[in-house]
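Structural description and commentary
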Amino acid sequence: MQFSATVTTVTRETIVPSVSDTVLQGNVGLLRLLGYAKRWRSGFRLDVPVKYQKSTAGGIVEVGGTLDTTRKVTRVKMQFEPQRLHKPVVVDDIEIAVNEGDERVLELVATEMDSIAQDLTDDLGGYLYTGTAATGLSFDSILNAADDSTNFGTYGALARATYTTLKGYYAASIGNIAISDLATAFNSVKIGSENPSLILTTPSIWTGYEALLQPTVRAGYATNGYPQVTRTGQVSSQQALRGDIGFDSVFYRGAPVVEDEKCTSQKVFFVTESHFSFYGIDLPSRLGYTKFNTSDRNVKGPQALPIPKGFNWSEMLRPSDQPAQVGHLYYIGNFVSDDPRRQGQLAGVTD
């Protein structure tokens, strides 16, 4: 309806006191990793010692025999370098001024900071699936951790052809997803009693896997709702309805299968989270950096994180040539697997 100036000159519009996100996508894989992020304590590089072979020295000694004193080298160090991802928060002085007083619906600086923090997290979520190597201008990722040297011949600066135990599981040209594909990948990643703890895929592949489940299982989900995978674990759908924020999941051998809109198309990733982490660097307060917690501000929903390791805020600074305030948000660190054998992926899945 078009109102005339008779009304619009004496009546204000109503602004909904929240900002609805119509751009960003789900980020369940990243949120899980940030929920268990580890601190990169110090050092220009993160070295991860790994055992790459078994000692062949020793053996049965007969009466009067000679002891083997051969010393066998069994360990080597993977090497990872930190990366820094940043976004600026820029607010003009006059914008801050006109945002004051009774006419303010949302606080400008806080709203802008929240929005940029979401954008930064969304960018990092993309690198989780597309990062190529820490030696260049890119993060490492589950993409190169879960590879058998088909696409990434090195991992942690070590050649997989030489150190074969650094190969993840990789299967290409899968086509239509089948239970047998999941079984082979699961068995290849499973070592001892430790199974993959999270299976990430695209929404369309997730729907395809759901269709493979037994009718009684699908009926159970329809009746009781989907279990929810949260930032730090799994809860029932009933708990989620009471306020816990989560993502729908189905299960394979006890591991939640979750649809992540950031996941690369035609991919299914098997992640053992105890051996794949985000290591974050926290910048010191003496350099002017502070912690910025989106969960205390306007952000609601899955993007409202407690302060994750590696997330840094520079505070608002005043440039010498601009009537404005500029701050910078950073994620600093890298995605690291200390045992790539426990990560896997299916590629070329028809979706």
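Here is a short report on the structure shown in this document. (Residues numbered from 1 in each chain as written. Predicted model: local features only at pLDDT ≥ 70, side-chain atom pairs only at ≥ 80, totals over all residues. Heavy atoms only, no water.)

Here we look at the packing of aromatic side chains
Applying the stated criterion to the full structure yields 13 aromatic pairs. Between Trp 206 and Tyr 226 the ring centres are 5.5 Å apart and the planes differ by 55 degrees, which places this aromatic pair in the tilted class. Taken together, the residues span a long stretch of sequence, with Trp 206 in helix 7 (residues 203-212) and Tyr 226 in the loop between helix 8 (215-224) and strand 9 (228-229) at a distance of 20 residues. Each residue in the set Tyr 127, Phe 139, Phe 276, Phe 278, Phe 311, Tyr 331 and Phe 335 is aromatic and connected to the rest through ring pairs, giving one cluster. (Phe/Tyr/Trp six-rings, centres within 6.5 Å; stacked < 30°, edge-to-face > 60°. Helix = DSSP H or I, 4+ residues; strand = E, 2+ residues; numbered from the N terminus.)

Things to note about the pattern of salt bridges
The final tally for this structure, using the stated rule, is ten salt bridges. Across the pair Asp 47 and Lys 77 runs a salt bridge whose closest N-O atoms are separated by 3.3 Å. Here Asp 47, found in strand 2 (residues 46-51), pairs with Lys 77, found in strand 3 (residues 75-80); they are 30 residues apart in sequence, far enough to count as distant. The residue Glu 194 makes a salt bridge to Arg 342 at a minimum N-O spacing of 2.9 Å. With Glu 194 in the loop between helix 6 (179-189) and strand 8 (198-201) and Arg 342 in the loop between strand 16 (324-337) and strand 17 (344-347), this pair connects stretches of sequence that are 148 residues apart. A relative accessible area of 28% means that Glu 194 is categorised as partly exposed. By relative accessible area, Arg 342 is classed as buried at 11%. Residues joined by salt bridges that share partners form a network here, namely Glu 194, Asp 339, Arg 341 and Arg 342. (Salt bridge = Lys/Arg side-chain N within 4 Å of Asp/Glu carboxyl O. Buried < 20%, exposed > 50% of the residue type's maximum accessible area, 1.4 Å probe, protein only.)

Describing empty space enclosed by the protein
With the rule as written, the count across this model stands at five cavities of 30 Å³ or more. Put simply, the second largest cavity is a space of about 60 Å³. In terms of lining, the second largest cavity is formed by Ile 177, Leu 182, Ile 199, Thr 201, Ile 205, Tyr 209, Val 257 and Val 268. When its residues are assigned to classes, the lining of the second largest cavity shows seven nonpolar, one polar and no charged. (1 Å grid on protein atoms, 1.4 Å probe; cavity = no way out; pocket = protein on both sides within 12 Å on 5 of 7 lines; lining within 4 Å. Points joined across faces, edges and corners; volume = space filled by probe spheres on them. Nonpolar A, V, L, I, M, F, W, Y, C, P; charged D, E, K, R; others polar.)

Looking at the pairing of strand 8
Going residue by residue along strand 8, you find Leu 198 and Leu 200 tucked away on one face and Ile 199 and Thr 201 tucked away on the opposite face as well. Bridging between strand 8 and strand 13 (residues 267-271) involves four bridges; their strand directions are antiparallel. By the bridge assignment for strand 13, Thr 201 is matched with Val 268. Pairing of strand 8 with strand 12 (residues 255-259) involves three bridges; the strand directions are parallel. The residue of strand 12 that forms the bridge with Leu 200 is Val 258. (Pairing = 2+ DSSP bridges.)

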